[in-house]
Amino acid sequence: MRIVYLCYIVFLVSALGMAQTDLPTTQPLKIEGDRGAKDNPNEGTALKIPSIYDIKPTTNLRDSLTARQINMLPTRNLVQAGHGLKIDPKIREKEDKTSSQYFGDMYLGDIKSNGKFVGIVYRDHEYVDGDRIKVYLNGKVVEPNVFLTAAFKGINLDLEKGFNRIDFEALNQGTSGPNTAQVNVYDDQGKMIHSNMWNLSTGSKATIIVVKE
């Protein structure tokens, strides 16, 4: 009886072996995991793409937001040099006339014009330090107190037949004497016919004579 069982088992094993040889063989699929990010993102790539983490801003946004804005308004609306300057009205009002730093009256020349008027403009041609002047025409005050800035300002003066005397009196010397200014004279056609400068001590005058024929 044991011999019969043995033969039966050997037969089953042989049959199974033959059956397995008939099964198709397959090649196992090899799946690799994520290799992870490289330390250098530029390695192994055809394009050299910079890392966004390495880019540093070249503009200081805080400073750009607080930078002074440019005023594009016409110049007549802009603040002139010396605006808001606080000047003691008694600055250098009593210079010693015997001092070497004293600047007396000046004659700036005479010109001829047949126009109805002349335009007189003046400005502080040096440091804007609070210089003030008074303007006369033939002995009469036409501008009682003019603050000289870096920009020209002035007045039109009607001419009388004959001699017309224009005086500029220094009311002070600002913070750094003397009282300094450039003066230009224009005819009624807008053509400049005279230009000069003065250096005056307080109380001194610069004079221009305009002759209307």
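Note that this is a predicted model, so its numbers are computed, not measured. (Residues numbered from 1 in each chain as written. Predicted model: local features only at pLDDT ≥ 70, side-chain atom pairs only at ≥ 80, totals over all residues. Heavy atoms only, no water.)

**Student:** Is there a simple way to explain the pattern of salt bridges in this structure?
**Tutor:** A side chain of one charge can pair with a side chain of the opposite charge if their charged atoms are brought near each other. Counting across every chain of the model gives two salt bridges. In this structure, E213 engages K112 in a salt bridge whose closest nitrogen and oxygen atoms are separated by 3.4 Å. Residue E213 is located in the segment after β9 (205-212), and its partner K112 is located in strand β1 (residues 106-112); the two are separated by 101 residues in the primary sequence. Note on accessibility: E213 and K112 belong to one class, exposed. The salt bridge involving D167 is made with R165; its shortest N-O contact spans 2.9 Å. A residue is classified by how much of its surface remains accessible, and D167, at 5% relative accessible area, is buried. According to the relative accessible area criterion, R165 is partly exposed, its value standing at 42%. (Salt bridge = Lys/Arg side-chain N within 4 Å of Asp/Glu carboxyl O. Helix = DSSP H or I, 4+ residues; strand = E, 2+ residues; numbered from the N terminus. Buried < 20%, exposed > 50% of the residue type's maximum accessible area, 1.4 Å probe, protein only.)

**Student:** Looking at this structure, I do not really get the sheet that holds strand β8 (residues 192-200). What am I missing?
**Tutor:** Note: strands within a sheet are paired through backbone hydrogen bonds, in either parallel or antiparallel orientation. Pairing is antiparallel across the open sheet formed by four strands, whose spatial order is β5-β2-β7-β8. Looking at strand neighbours, the two that pair on one side only are β5 (153-158) and β8, the edges of this open sheet. With strand direction ignored, the average angle separating the axes of adjacent strands in the sheet is 20 degrees. Two strands pair when backbone bridges link them, and strand β2 (residues 117-123) and strand β7 (residues 179-186) are joined in this way by five bridges, in the antiparallel orientation. (Pairing = 2+ DSSP bridges. Axes fitted to C-alpha atoms, helices over the stretch in contact; angles between N-to-C directions.)

**Student:** Explain the packing of aromatic side chains to me, please; I cannot follow it from the model alone.
**Tutor:** Centre distance and the angle of the planes are the two values used to describe a pair of aromatic rings. According to the stated counting rule, one finds two aromatic pairs in the structure shown. When the centroid spacing of 6.0 Å and the interplanar angle of 70 degrees are considered together, the rings of Y122 and F168 count as edge-to-face. Highlighted residues: Y122 in strand β2 and F168 in strand β6 (residues 162-170), separated in sequence by 46 residues. Side by side, Y122 and F168 carry an identical accessibility label, which is buried. In this structure an aromatic cluster arises from ring pairing among Y122, F168 and W198. A cation over a ring is seen here: K205 above Y136, with NZ or CZ 4.6 Å from the ring centre. (Phe/Tyr/Trp six-rings, centres within 6.5 Å; stacked < 30°, edge-to-face > 60°. Lys NZ or Arg CZ within 6 Å of the ring centre and 35° of its normal.)

**Student:** Just to check I follow, could you spell out the side chain of D167 for this structure?
**Tutor:** Summarising the element assignment, D167 is placed in strand β6. Of note is the side chain of D167, whose polar atom sits 2.6 Å from the side chain of T207. Residues contacting D167, with those up to four places away along its chain left out, are K134, V135, Y136, K205, A206 and T207. (Polar contact = N/O pair within 3.5 Å; in protein donor to acceptor, adjacent residues only side chain to side chain. Contact = heavy atoms within 4.5 Å.)

**Student:** It is not clear to me how the nonpolar core should be interpreted in this structure. Could you clarify?
**Tutor:** In globular proteins that are soluble, nonpolar side chains generally tend to be buried together. Within the largest apolar cluster, 24 residues are counted, with the highest numbers of intra-cluster contacts made by V118, I120, Y122, I133, I166, F168 and W198. Elements represented by at least two residues in this core include exactly β1, β2, β3 (132-137), β5, β6, β7, β8 and β9. Discounting residues that sit within four places of it in the chain, V118 has contacts with S113, I155, N156, L157, L159, I166, V185, Y186 and V210. (Core = buried A, V, L, I, M, F, W, Y, C linked by side-chain atoms within 4.5 Å.)

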